[in-house]
Amino acid sequence: MPRLTPALVASACLFATAAQPCDLALALAIDVSGSVDPAEYRLQMDGLAAALRDPTVSDALVGAAAAVMVVQWTGASRQAVIVPWRRMLARSDLLALADEVEQAPRLWRHFSTGIGEALTFSATQFDAVSDCRRRVIDVSGDGRSNEGVPPEDVGTGLVSYGFTINGLAIEGSEEDLTGYYRAFVIAGPGAFVMTAKSFADYPETIRRKLLTEVALPVTQAAPEAISIAQTAPQSAPQTEPEPKPEPAQ
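Residues numbered from 1 in each chain as written. Predicted model: local features only at pLDDT ≥ 70, side-chain atom pairs only at ≥ 80, totals over all residues. Heavy atoms only, no water.

To continue, consider the overall build of the chain. Broken down by element type, the chain carries eight helices and six strands. For the chain, the N- to C-terminal ordering of α and β elements is α-β-α-α-β-β-α-α-β-α-β-α-β-α. Relative to its 249 residues, the chain shows a buried fraction of 49%. Contacts in the chain between residues far apart in sequence, at least 24 positions, make up 81% of those at least 6 positions apart. (Helix = DSSP H or I, 4+ residues; strand = E, 2+ residues; numbered from the N terminus. Buried < 20%, exposed > 50% of the residue type's maximum accessible area, 1.4 Å probe, protein only. Contact = heavy atoms within 4.5 Å.)

Right under this line is the structure:
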């Protein structure tokens, strides 16, 4: 039996990585606008963390060798990456990602809802995962866009760059938010919206949504060499001080 030298182990790891190309780059964009109270924020973050720890979700994301990023968003000039791209190559990667999500501080609290700006910001982060076959932005929220560029104006352009935009509408604050997401937010091959009847329904809905996003086949893969970091419309510069995390609730 050949001796397992460090060089042999490294070669085996490189072979395993090469044999498992990234099928899905998934940006999870979380609403932290003023309509989301502290308890609802915790339901979102804890619910997402629980979904990532779910064995079925873990197996699906690892099977896709997925790359996952988490963004918080609110008004037109307020979006931030709270968990940068993480590669899901083993269940331990999902557990580590879930811990990061659960511990992430809330950056904003009292601002508007800029869905179009959240989509644009999220899309400009995908250069780091250009090897992934599919580009998906998963935006969740509890209200219609009321600030910044309209989401329907952004979606068409992003689809031309190979993106799919899916939605999770959290009902309760505005009438027929699911219908709004279906008409104005989701876009691209295989795009869909799921409904959480309330924030309490969010954990189970995001679990089902993650499974659907991994399993749903699309007919259009992301163009390998196209980047929108230089061409996507940018929000107006923010003149206020950098955001500070809110105290733990």
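The next thing to look at is helix 7 (residues 177–185). Leu177, Thr178, Gly179, Tyr180, Tyr181 and Val185 are the residues of helix 7 that are buried. Summarising the contacts, the buried residues of helix 7 are in contact with helix 5 (115–123), strand 4 (134–141), helix 6 (151–160), strand 5 (163–170) and strand 6 (193–196).

The subject of this paragraph is the pairing of strand 4. Judged by how many residues are buried, strand 4 sits mostly within the fold: eight of eight residues are covered. Going residue by residue along strand 4, you find Arg134, Val136, Asp138 and Ser140 tucked away on one face and Arg135, Ile137, Val139 and Gly141 tucked away on the opposite face as well. Bridge count for strand 1 (residues 24–31) against strand 4 is seven bridges, and the pairing is parallel. Among the inter-strand pairings, leucine 24 is bridged to a residue of strand 4, identified as arginine 134. (Pairing = 2+ DSSP bridges.)

On to the sheet that holds strand 5, then. Note on sheets: strands pair through backbone hydrogen bonds, and any given pair is parallel or antiparallel. The strand order across the open sheet formed by six strands is 3-2-1-4-5-6, and the pairing between neighbours is mixed. A single partner strand is all that each edge strand has here, and the edge strands are strand 3 (79–87) and strand 6. Averaged over all pairs of adjacent strands, the angle between strand axes in this sheet comes to 15 degrees, irrespective of strand direction. Relative to strand 2 (residues 67–73), strand 1 runs parallel, the two being bridged by seven bridges. Paired with alanine 29 across the two strands is valine 71, which belongs to strand 2. Against the sheet, helix 4 (residues 91–103) touches strand 2 and strand 3, its axis set at about 165 degrees to strand 3. (Axes fitted to C-alpha atoms, helices over the stretch in contact; angles between N-to-C directions.)

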